[in-house]
Amino acid sequence: MTRRLAEVAKKVGVSEATVSRVLNGKPGVSEATREAVLTALDVLGYERPTQLRGDRARLVGLVLPELQNPIFPAFAEVVGGALAQQGFTSLLCTRTVGGVSEADYVDLLLQQQVSGVVFAGGFYAQADAPHAHYELIQERRLPTVLVNAAVDHLGFPQVSSDDVVAAEMAIGHLRALGHQKIGMVLGPRDHIPSRRKLDAFLASPEADPELVEHTMFSLEGGHAAATRLVKHGVTGIVCASDILALGAIRAVRRAGLSVPDDVSVIGYDDSAMMNCTDPPLTTVRQPIDAMGRAAVDMLVALIERAAVPADELLFEPELVVRASTARVRTSVAAT
């Protein structure tokens, strides 16, 4: 008990006597300090005293698929900052291959009595993935917001970047540069944002369904998919993430060609450092600042029991033109 008091007191910046008063339900402690002590208990992994377990922690779970893709740490920073302004602490949960699953994290968050959860890049975006843990969240009525497109039946509020507009922007940019043979590198076939981008691509009468490749969201996946497209003679490649685009650039170079002289490449996200790649990457920027703040606003409204419809709030992306795209060569356009 003494060690627990000391750790919590150090975490909050108060005396052990103050922590003891909170844990024993005694008066003389401000509400803000009381909430800080209870949140520290949750963060440090201690159980609340029995008489205090009915109170939800001012913790919010932030569940991400990975941290290697720089878009996810950037999103975590936005959401964490917005939550802190509202008096909440974010609890970062990152899936690991062969380790802690998304469903495991949901169980953990429910045990910790968190106030709510924000998911980004989760299994809700894959039609063929398991969704039972989302149904459990619904049963427990835990406030939850999803970031980017989800399967239809889950019934959570969402904030999304408009995938259709993003694809139209990228394809339109390449068409304006004279490219006719354009390929796409997308995520898995059951990935809802990729399906939306594909629908936008195929809506163009010039689109060739044979020039669409599905792969995993990784540098290696982008490399393998783009290698196949380069063999088909594409002059432009639109990718569903910046990481895929970097793999595509590597594939073009391995084929003895140049970006953008022979093949133009466009990414998606505008992750950190994409202006420092070689060449600097043309990409479609997700408005993660606006999306992250909106997700937190919606979640806090749910926590406060306000009526929040289970709709999708769409944000318009932005085309960021850098040096990985160029006008198609006259000799190529004429063939």
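Predicted model only: the values in this text are computed from it and were never measured. (Residues numbered from 1 in each chain as written. Predicted model: local features only at pLDDT ≥ 70, side-chain atom pairs only at ≥ 80, totals over all residues. Heavy atoms only, no water.)

A. Here's a closer look at the overall build of the protein chain. Each helix and strand in the protein chain was counted, giving twelve helices and twelve strands. By principal-axis analysis of the C-alpha atoms, the protein chain measures approximately 85 × 35 × 35 Å. The proportion of buried residues among the 335 residues of the protein chain is 50%. For the protein chain, the share of sequence-separated contacts (at least 6 apart) that also reach a separation of at least 24 residues comes to 70%. For the protein chain, the distance from the average position of its 31 positive side-chain charges to the average position of its 39 negative side-chain charges is 6 Å. (Helix = DSSP H or I, 4+ residues; strand = E, 2+ residues; numbered from the N terminus. Buried < 20%, exposed > 50% of the residue type's maximum accessible area, 1.4 Å probe, protein only. Contact = heavy atoms within 4.5 Å. Lys, Arg positive; Asp, Glu negative; His and termini not counted. Charge placed at Lys NZ, Arg CZ, Asp CG, Glu CD.)

B. Here's a closer look at the sheet that holds strand 8 (residues 236-239). If you trace the six strands from one edge of the open sheet to the other, you get 7-6-8-9-10-12, paired in mixed fashion. Strand pairing shows two members of the sheet lacking a second neighbour, strand 7 (212-214) and strand 12 (318-320), which therefore form its edges. Here the average twist between neighbouring strands, direction ignored, is 20°. As paired elements, strand 9 (residues 264-269) and strand 10 (residues 282-285) share four bridges and run parallel to each other. (Pairing = 2+ DSSP bridges. Axes fitted to C-alpha atoms, helices over the stretch in contact; angles between N-to-C directions.)

C. Quick look at the domain arrangement of the protein chain. Partitioning the protein chain into structural domains gives domain 1 (1-52), domain 2 (59-161 + 288-318) and domain 3 (163-285). For domain 1 versus domain 3, the separation of C-alpha centres amounts to 52 Å. (Domains from an automatic or database assignment.)

D. Representation of the pattern of salt bridges in the model. One pass over the structure, following the stated rule, counts twelve salt bridges. As a salt-bridge pair, Arg 329 and Asp 262 come within 3.1 Å of each other at their nearest N and O atoms. Of the two residues, Arg 329 is situated in the loop between strand 12 and helix 12 (330-333) and Asp 262 in the loop between helix 10 (242-254) and strand 9; the sequence distance between them amounts to 67 residues. By relative accessible area, Arg 329 is classed as partly exposed at 41%. Linked by salt bridges that have partners in common, Asp 270, Arg 285, Glu 318 and Arg 322 make up one network. (Salt bridge = Lys/Arg side-chain N within 4 Å of Asp/Glu carboxyl O.)

E. View of the packing of helix 1 (residues 2-12) against helix 2 (residues 16-23). Two elements in contact, helix 1 and helix 2, have axes whose closest approach is 8 Å; the angle formed by their N-to-C orientations is 110°. Classified by the angle their axes make, helix 1 and helix 2 are roughly perpendicular. Contact residues: Thr 2, Arg 4, Leu 5, Ala 6, Val 8 and Ala 9 in helix 1; Glu 16, Val 19, Ser 20 and Leu 23 in helix 2. For the contact of helix 1 with helix 2, a count of residues per class yields six nonpolar, two polar and two charged. (Parallel < 35°, antiparallel > 145°, perpendicular 65-115°, else oblique. Nonpolar A, V, L, I, M, F, W, Y, C, P; charged D, E, K, R; others polar.)

F. Layout of the packing of aromatic side chains. Taken as a whole and assessed by the stated rule, the structure comprises four aromatic pairs. Aromatic side chains Phe 119 and Tyr 134 sit 5.3 Å apart centroid to centroid with 70° between the ring planes, which places their arrangement in the edge-to-face category. With Phe 119 in strand 3 (residues 116-120) and Tyr 134 in helix 6 (residues 132-140), the pair connects residues that are 15 residues apart, well separated along the chain. Here Tyr 124 and Tyr 134 contribute two aromatic rings whose centre-to-centre distance is 6.1 Å and whose plane-to-plane angle is 75°, an arrangement assigned as edge-to-face. Of the two residues, Tyr 124 is situated in the loop between strand 3 and helix 6 and Tyr 134 in helix 6; the sequence distance between them amounts to ten residues. Each member of the pair, Tyr 124 as well as Tyr 134, carries the same accessibility label: buried. By the ring-pair criterion, three or more aromatic residues cluster together here, those being Phe 119, Tyr 124, Tyr 134 and Phe 156. (Phe/Tyr/Trp six-rings, centres within 6.5 Å; stacked < 30°, edge-to-face > 60°.)

G. Summary view of helix 11 (residues 288-303). The first and last C-alpha atoms of helix 11 sit 22 Å apart over 16 residues, in line with the 22 Å expected at 1.5 Å per residue. Within the span of helix 11, buried status applies to Ile 288, Met 291, Gly 292, Ala 294, Ala 295, Val 296, Met 298, Leu 299 and Val 300. Contacts from the buried residues of helix 11 go to strand 1 (59-64), helix 4 (71-85), strand 3, strand 4 (144-147), strand 5 (158-161) and strand 11 (312-315). Positive phi appears at Arg 305, one or two residues downstream of helix 11, with a value of about 65°. (Expected span 1.5 Å × (residues − 1).)

H. Layout of unusual backbone geometry. A cis amide bond, omega 10°, links Val 259 with the succeeding residue Pro 260. Within the secondary structure layout, Pro 260 lies in the loop between helix 10 and strand 9. Cis geometry marks the peptide bond from Asp 278 to Pro 279; its omega dihedral reads -5°. Mapped onto the secondary structure, Pro 279 falls in the loop between strand 9 and strand 10. One non-glycine residue, Arg 141, lies in the positive phi region at around 55°. Structurally, the position occupied by Arg 141 is in the loop between helix 6 and strand 4. Here Asp 270, not a glycine, exhibits a phi torsion of approximately 60°, which is positive. Turning to its location among the elements, Asp 270 is positioned in the loop between strand 9 and strand 10.

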